[in-house]
Amino acid sequence: MMQLSNDTQSNKHSLLNVMNRFIAAANNMDETIMVPSLLRDVPLEEQDSQASVGHNNNDPPLPSKQRDMYEHYLLLKSLKNDMEWGLLKREMSGGASFLEMAVKQEELPQVNGGATEEGSDLEGQFHYHLHGLFAVLSKLTVQADHLTNRYKREIGGGSLLR
C-alpha cells in the first residue's frame, strides 16, 4: 500500500492538496448553507466583479452558465460528490459524468488524424491535463468560498429572507 509522505501533504502545489482544499471548501459551504433554497433567484453578478479583480492570471474568464446562486451551489456540491465517490455512483444512478464522456471521446478513433501511435507523448498529455485540473480546482475552491461567505453576509443582513 502506498503511503503519502509529509512532504506531499505540506506541498501546497500537490494535486492532493488542491483536491483537499476544494473538498474542504465545498464541505464548509454545505455545512454553512442550511437553507439552500434561499439562494434561488440571487444572481452571481457580485462574484464576477470580484473575480476579475482578485485574480491576476492569463486565463480568460469562463462564462458562467448558472443563472443563480442556488444552481451554482448545486453544481459545486455535485462536483464534490463526483470527486469523493468517483464514477461508480454515477453509473449506479444511470447518469454520465463529464469524465465518462471525455473517456469515451478519447476511445473513439481519430477520423482526420489517421492512426496515431498509441502512448505517444503521454507525459505531455498528463502535464496538460494536470495543469487544467489544478486551474479548475483552484477556481472551484474560490467559488465555493465566495458562495459560503456571501451566504453568511446575506443571511446575516437578512436580505435573502422573504
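Refer to the preceding data block for the structure.
Throughout this description, residue numbers start from 1 for each chain and increase along the sequence as written. Totals for whole chains, interfaces and linings use all residues, but because this is a predicted model, local features are given only for residues with pLDDT of at least 70 and pairs of side-chain atoms are given and counted only at 80 or more. Only heavy atoms go into the side-chain values, all of them from the structure, while hydrogens and water stay out.

**Examining the overall build of the protein**
And step 1. Tallying secondary structure elements over the protein gives seven helices and zero strands in all.
And step 2. Counting from the N terminus, the helices are the DSSP runs of H or I reaching at least four residues and the strands are the DSSP runs of E reaching at least two. In the protein, the succession of helices and strands from N to C terminus is α-α-α-α-α-α-α.
And step 3. The contact criterion used throughout is that any non-hydrogen atoms of two residues lie within 4.5 Å. Considering only intrachain contacts with a sequence separation of at least 6, the fraction spanning at least 24 residues in the protein is 81%.

**Considering the packing of aromatic side chains**
And step 1. Stacked, tilted and edge-to-face are the three classes assigned to paired rings of Phe, Tyr and Trp, where Trp is represented by its six-membered ring and a pair needs centres within 6.5 Å; plane angles under 30 degrees give stacked, over 60 edge-to-face, the rest tilted. This model, assessed by the stated rule, comprises zero aromatic pairs.
And step 2. The ring centre of Y70 lies 4.0 Å from the NZ or CZ of R40, which sits over that ring. Any Lys NZ or Arg CZ that is within 6 Å of a ring centre and within 35 degrees of that ring's normal is treated as a charge sitting over the ring.

**Regarding helix α4 (residues 69-85)**
And step 1. What a helix is expected to span follows from its residue count: subtract one and scale by 1.5 Å. For α4, built from 17 residues, the straight-helix expectation of 24 Å at 1.5 Å per residue is met to within 8% by its first-to-last C-alpha distance of 24 Å.
And step 2. All buried positions along α4 are accounted for by M69, Y70, H72, Y73, L76 and K80. Each buried residue of α4 lies within a common arc of 165° when the element is viewed along its axis, so the set occupies one face.
And step 3. Throughout this description, a polar contact denotes any pair of N or O atoms lying within 3.5 Å of each other; where both atoms belong to protein, one of them has to be capable of donating a hydrogen while the other can accept it, and for residues adjacent in sequence the pair is counted only when both atoms sit in side chains. Its side-chain oxygen 3.3 Å from the backbone nitrogen of Y70, D68 forms the N-cap of α4.
And step 4. One or two residues past the end of α4 sits G86, with phi positive at roughly 75°. Exposure is judged per residue with a 1.4 Å probe applied to protein chains only, and the accessible area is read against the type maximum: over 50% gives exposed, under 20% gives buried, and values in between give partly exposed. This arc corresponds to the set of directions leading from the helix axis out to the C-beta atoms.

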